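Listed below are the residues making up each chain.
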Amino acid sequence: MASNNDASPVFEELKRAFAQRTGTSEKDWFLVFKARYGMRECFAAMRDVHGDGRVVTTLFTGCTAVDSIIAAGLDPYYAPIAPATLSVDVQGLELPEQTRALLLQHSYGMIDEAATRMAAQRAHDAGALLVEDSAHCLARMARDDEGAPVADISIHSFGIEKTFSNLYFGGALWINPRMGDEAVRQRIVQTLSGLPELPARLRRATRDYRNQVRVLSHLPSGAARALRASMLARGLHEPPVAEVERLGGLPYESYLPSPWIVEQILPMFATLDDDEQRRIACVARYRELLDGLRNKMVPEAAFGIAAEQALIRFPVVLPNEGLSNSVRADLAASGFYAVDWYRMPFYPGAADISRYGVSEQEVYAYKTAYAGTIGLPCDVAPDRVDDVVSILRERV
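Residues numbered from 1 in each chain as written. Predicted model: local features only at pLDDT ≥ 70, side-chain atom pairs only at ≥ 80, totals over all residues. Heavy atoms only, no water.

(A) The arrangement of helix α10 (residues 321–333) in detail. Across its 13 residues, α10 extends 18 Å between first and last C-alpha, which sits within 8% of the 18 Å expected from 1.5 Å per residue. Among the residues of α10, those classed as buried are Leu323, Ser324, Val327 and Leu331. Down the axis of α10, the sector holding all buried residues measures 100°, keeping them to one side. Lining the buried residues of α10 we find β11 (373–377) and α12 (385–395). (Helix = DSSP H or I, 4+ residues; strand = E, 2+ residues; numbered from the N terminus. Expected span 1.5 Å × (residues − 1). Buried < 20%, exposed > 50% of the residue type's maximum accessible area, 1.4 Å probe, protein only. Arc of directions from axis to C-beta. Contact = heavy atoms within 4.5 Å.)

(B) Inspection of the environment of Tyr342 at higher detail. Within the fold, Tyr342 resides in the loop between α10 and α11 (360–370). Contacts of Tyr342, omitting those with residues within four sequence positions, involve Phe60, Thr61, Gly62, Gln105, Tyr108, His136, Tyr347, Tyr366, Tyr370 and Thr373. Here His136 takes part through its side chain, which lies 3.3 Å from a polar atom of the side chain of Tyr342. (Polar contact = N/O pair within 3.5 Å; in protein donor to acceptor, adjacent residues only side chain to side chain.)

(C) How the structure looks around the environment of Val66. Relative to the elements of secondary structure, Val66 occurs in helix α3 (residues 63–71). What Val66 contacts, discounting residues up to four positions off in sequence, is Thr61, Pro76, Tyr78, Phe346 and Tyr356.

(D) Spotlight on the state of the cysteines. Evaluation of the coordinates by the stated rule reveals 0 disulfides. No disulfide involves Cys137; its nearest neighbouring cysteine sulfur is the one of Cys378, lying 13 Å away. In this structure Cys282 is a free cysteine whose sulfur lies 5.7 Å from that of Cys378, the closest cysteine sulfur available. We classify Cys282 as buried; its relative accessible area is 0%. (Disulfide = S-S within 2.5 Å.)

(E) Summary view of the pairing of strand β2 (residues 54–57). Strand direction decides the pairing type here: β2 and strand β3 (residues 75–78), joined by 4 bridges, are parallel. In the strand pairing of β3, Val55 is matched with Pro76. Bridge count for β2 against strand β6 (residues 99–105) is 3 bridges, and the pairing is parallel. Bridge pairing in β6 links Val55 to Ala101. (Pairing = 2+ DSSP bridges.)

(F) Here's a closer look at the side chain of Asp152. Relative to the elements of secondary structure, Asp152 occurs in the loop between β7 (129–133) and β8 (153–157). No salt bridge forms around the buried Asp152; measuring N to O, its nearest opposite-charge neighbour Arg178 is 8.6 Å away. Of the polar contacts made by the side chain of Asp152, one reaches the side chain of His124; its length is 2.8 Å. (Lys, Arg positive; Asp, Glu negative; His and termini not counted. Salt bridge = Lys/Arg side-chain N within 4 Å of Asp/Glu carboxyl O.)

(G) Up close: the nonpolar core. With 60 residues, the main nonpolar core has Phe43, Ile153 and Phe269 as its most contacted residues. Counting residues per element, this core draws most heavily on helix α2 (residues 35–50), which supplies 8 residues. With sequence-adjacent residues up to four places away left out, Phe269 is seen in contact with Leu14, Ala17, Phe18, Arg21, Leu138, Ala139, Phe158 and Phe164. In this structure, Met297, Ala306, Phe336 and Val385 belong to the second largest nonpolar core, which totals 30 residues. (Core = buried A, V, L, I, M, F, W, Y, C linked by side-chain atoms within 4.5 Å.)

Listed below in structure tokens is the structure:
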């Protein structure tokens, strides 16, 4: 039986690849079926050791990240958003009582190391842990002045619409061996080291996913909806976000990825250098062409601290959702895929926002500010960025 602490060749190879790329030890890396389940186990460990409490995050995130908090028995607490980074506003951060963790998302792959260091200090001063959400920046972590990782826990994902477009499942967690809360660290390591294998049904569904999506994409919309519903009802399809995940829950216990999932990841992971160089070149071209929108529609971090980082998407916050939808449609007509991540809280949207502890007024205020958010592609040939920006400028 495969586990996170045995000598299963493909598991060990992927953990070793993470360790080599990040200058860490492979024994501190743990693999999971999906990153959201690893997050849940970390938060559950905090609750087991210290009792009920809160995890600080923002509304500018996906529903599954917050699901991991709620499913662990903790309460989400929503901090203000920094427009420059589209993450936690660390400067104005006030941690509530019984904060167990601060969850800091590197939105679009923009890592603000100074802000992350400050976040870690504030979390530790409050007796909490810093959890770094690196889902948008695979194998990249915020560092301290000596080059060591800042976070207590770092979350990485191979999921849908992440770094590699042809990978759909798999996640990895780094657990800091120097974590100040040794009781929580031991509980997390014990749990992640003993995760069970992925059940046969999910092994089949993950292997079939690519072909299922290919078939669904070629069907008329009505037929596609009917077929998807049928496959879901029979447990044959594993959706990116299940209905229960739009209601604050997670559908499964936590599992390892299957060896087959890891085998799909390994050759792609080996191309990460080339992928990052292409993204860095795209970001440079976006900065050159969109300099006039700096501090207006483009977050300042994209021109400042993240200017030479390999962003997963280049963020632009347009004035409203209608304009964003029009730009995305024009880009799609020209063969470019731009994402609408976080145009609403708990992307792709909560089926019942009361499960997430927010009001309609808070959602309205958020959408007033961020409903026009769009992520421009950074995985194209750098010279195609000119075409993307030309389409954007026709509308803006």
